[in-house]
Amino acid sequence: MLLPAISLGLWHNFGGVDNFENGLAMVRRAFDLGITHFDLANNYGPPPGSAETNFGEILRRDFAAHRDEMIISTKAGYDMWPGPYGNWGSRKYLLASLDQSLTRMGLEYVDIFYSHRPDPDTPLEETMSALDQAVRSGKALYVGISRYDPAQTVAAARILPRAGDTLP
C-alpha cells in the first residue's frame, strides 16, 4: 500500500480530557493540507480508548463521505483493561481489542492493524496468526508491527505468509 509521507498521530490532544473542538480542527486542517493517514491505538486517550471514540465522532460529523480517501490505522499491545487478557499480544487480546476499536470508531474495518509491541510470553506464531485472522475476517485490510527489533521483524515476516495455514 502506498502510504503518505506524513500522517497525523492521535496519541495526544484527542482524548476524553482534551478539548474535542480542538481535535476536530486539527483533523480538518490536516486533511485540508493533504494528510490522509490517521494513526491511533486502542489505549490512546486518556482515558484509554477515548481518542478512538472522539475520532469516530469526527468521522461521523465531517468525514463520512471521505472514508475511502483516508488511511485509518490502530494498534493494540499496551494496557487496555484490567486482568490477564488486557495487554500484550495474545490472540484473545488482539482480536478483542480490534473489535472494541472498531466499535469505538464506528467502522467496519481499519486500513492497518498493528501489533504495538512484541509479547515476551506469547509465541510469535500466535500473535502473527491473530494479525492474519484480522485480515481474513475483513476487519483490517493490512497488518503491521510496531516496536519489534530487527530479529523479531524478520521472524514475523517469515511467519505471516504461512499464518493462515495454522488457523483452525
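Scroll up for the structure.
This write-up is about the structure you can find in this document. Note that the coordinates shown come from a computational prediction; the quantities given were computed from them, not determined experimentally.

So, how was this worked out
Residues numbered from 1 in each chain as written. Predicted model: local features only at pLDDT ≥ 70, side-chain atom pairs only at ≥ 80, totals over all residues. Heavy atoms only, no water. Helix = DSSP H or I, 4+ residues; strand = E, 2+ residues; numbered from the N terminus. Expected span 1.5 Å × (residues − 1). Contact = heavy atoms within 4.5 Å. Phe/Tyr/Trp six-rings, centres within 6.5 Å; stacked < 30°, edge-to-face > 60°. Buried < 20%, exposed > 50% of the residue type's maximum accessible area, 1.4 Å probe, protein only. Axes fitted to C-alpha atoms, helices over the stretch in contact; angles between N-to-C directions. Parallel < 35°, antiparallel > 145°, perpendicular 65-115°, else oblique. Left-handed = near helix turned anticlockwise from the far one by under 90°. Nonpolar A, V, L, I, M, F, W, Y, C, P; charged D, E, K, R; others polar. Patch = residues over 30% accessible without salt bridge, like charges linked within 9 Å, V, L, I, M, F, W, Y side chains within 5 Å. Areas by Shrake-Rupley, 256 points an atom, 1.4 Å probe, with all protein chains shown as cover. Salt bridge = Lys/Arg side-chain N within 4 Å of Asp/Glu carboxyl O. 1 Å grid on protein atoms, 1.4 Å probe; cavity = no way out; pocket = protein on both sides within 12 Å on 5 of 7 lines; lining within 4 Å. Points joined across faces, edges and corners; volume = space filled by probe spheres on them.

**Quick notes on helix H3 (residues 91–105)**
Along an α-helix, residues three or four positions apart point the same way, because every turn accommodates 3.6 residues. With 15 residues, H3 should cover 21 Å at 1.5 Å per step; its first-to-last C-alpha distance of 21 Å lies within 8% of that length. Lining the buried residues of H3 we find helix H2 (50–63), strand E3 (71–76), strand E4 (110–115) and helix H4 (124–136). Gly106 sits one or two residues past H3 and shows a positive phi near 70°.

**What about the packing of aromatic side chains?**
What the rule picks out here adds up to 4 aromatic pairs. When the ring of Phe31 is compared with that of Phe63, the centres are 5.1 Å apart and the planes differ by 75°; the resulting orientation is edge-to-face. Pair noted here: Phe31 is in helix H1 (residues 20–32) and Phe63 is in helix H2, with a separation of 32 residues, a long-range link. Each member of the pair, Phe31 together with Phe63, is buried. On the basis of an interplanar angle of 50° and a centroid distance of 5.3 Å, the ring pair of Trp81 and Tyr93 is categorised as tilted.

**Focus on the packing of H1 against H2**
In the contact formed by H1 and H2, the axes pass within 10 Å of each other and the chain directions differ by 60°. In terms of axis orientation, H1 runs oblique to H2. Note on packing geometry: the crossing formed by H1 with H2 is right-handed. Touching Phe20, Glu21, Gly23, Leu24, Val27, Arg28 and Phe31 of H1 are Asn54, Phe55, Glu57, Ile58, Arg61, Asp62 and Phe63, all from H2. A breakdown of the residues in the contact of H1 with H2 according to their chemical character gives 7 nonpolar, 2 polar and 5 charged.

**Observations concerning a nonpolar patch on the surface**
A surface patch of nonpolar side chains, about 370 Å² in accessible area, is lined by Met1, Leu3, Leu141 and Tyr142. Tracing the chain through its elements places Leu3 in the segment before strand E1 (7–9). Taking relative accessible area as the criterion, Leu3 reaches 40% and is therefore assigned partly exposed.

**Details of empty space enclosed by the protein**
Counted under the stated rule, the structure contains 1 cavity of 30 Å³ or more. The space that makes up the largest cavity amounts to roughly 40 Å³. Looking at the lining of the largest cavity, the elements with two or more residues in it are H1 and H2. By residue class, the composition of the lining of the largest cavity is 3 nonpolar, 5 polar and 1 charged.

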